[in-house]
Amino acid sequence: MKFELETHHRNIPDEELIEDLIRVAKEIDQDKVTIDQYNERGKFHNTTFNRRFGSWFKSLEKAGLSKTRNLNISNEELFENLIEVWMSLGRQPKYNDLTKDKSKFSSGTYEKRFGGWRKSLEAFVAWVNDGAVPELPVTSPSMSTRRTPRNINWRLRAMVLMKDGATCKLCGATPRDGAKLHVDHITPWAEGGETVFENLQILCEKCNIGKSNVQV
Ligand SMILES: [Zn+2]
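Throughout this document, residue positions are counted from 1 along each chain, in the order its sequence is written. In keeping with the model being predicted, local features are shown solely for residues with a pLDDT of at least 70 and side-chain atom pairs are shown and tallied solely at 80 or more, while totals for entire chains, interfaces and linings include all residues.

(A) View of the overall build of the chain. Numbering of helices and strands runs from the N terminus; a helix is a DSSP stretch of H or I covering at least four residues, while a strand is a stretch of E covering at least two. Across its full length, the chain carries ten helices and two strands. Seen in sequence order, the chain has helices and strands lined up from the N terminus as α-α-α-α-α-α-α-α-α-β-β-α. Relative to its 216 residues, the chain shows a buried fraction of 23%. Think of it this way: build a C-beta for each residue from its backbone, and any pair within 7 Å is a contact. Taking the contacts inside the chain whose residues are at least 6 apart along the sequence as the reference set, 55% of them involve residues at least 24 apart. Buried, partly exposed and exposed are defined by the number of other C-beta atoms within 10 Å of a residue's own C-beta, namely 20 or more, between the two limits, and 12 or fewer respectively, with C-beta atoms placed from the backbone.

(B) Inspection of the nonpolar core at higher detail. Counting 27 residues, the largest nonpolar core has Leu82, Val160, Leu161, Cys168, Ile202 and Cys204 as the members making the most contacts within it. Broken down by secondary-structure element, the contributors of at least two residues to this core are helix H6 (75–89), helix H8 (117–130), helix H9 (154–164), strand E1 (181–185) and strand E2 (200–204). Examining the composition of this core, we find that six residues originate from one element, H6, more than from any other. Residue assignment places this core across two domains, with domain 2 (75–130) and domain 3 (154–215) each supplying three or more. Ignoring sequence-local partners within four residues, the contact set of leucine 82 consists of Pro93 and Phe124. Membership of the second largest hydrophobic core comes to ten residues, among which are Val33, Phe49, Leu60 and Ala63. For this analysis, nonpolar core means a set of buried Ala, Val, Leu, Ile, Met, Phe, Trp, Tyr and Cys residues linked through C-beta atoms within 7 Å. The split into domains, and so the bounds of each, comes from an automatic or database assignment of domains.

Below, the structure is given as structure tokens:
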């Protein structure tokens, strides 16, 4: 199958395609170019690039614009993803664990950001430790007023994970046994338990559900 419109681009040298991609990047004064941005300003169509180089990302790579692919991903997002992988594996992730089915980002993304896999883990731990003294918001005179939100933020999740390990505190199940782990309020939030490090623990889904049944 072939699209007529594309055929006359077949003879265009790679360099010319790449040059045009770089030109558009300069024109919009950015070091990354989205498909839409290119199609709006480029001489060719993104499908020409995809056919020639395999994908849009590979085209950017050829043009030396690939590093910027993950420019908009914050460190927090990378750390959050690491926590998810950690929880699903039940142990500290290794370089080769960041497969597409388990991880939103590749190990390479971490390497580029932090200068190596080990350094990524170190940066992660430093980030977790940064929140190691959880601040309890100023006590409200009214007991009915919540001091903390119910939602457990990522840093707290990571801290609890580092404290308890990826193991259910009640039954000892781990993801390796097929358990799905949750971060649980020891004193339920509904009963006045705050969302603070001391009141959080790792539970497997079974125990978590069992616990809330007992409460009801
Ligand atoms: Zn359990």
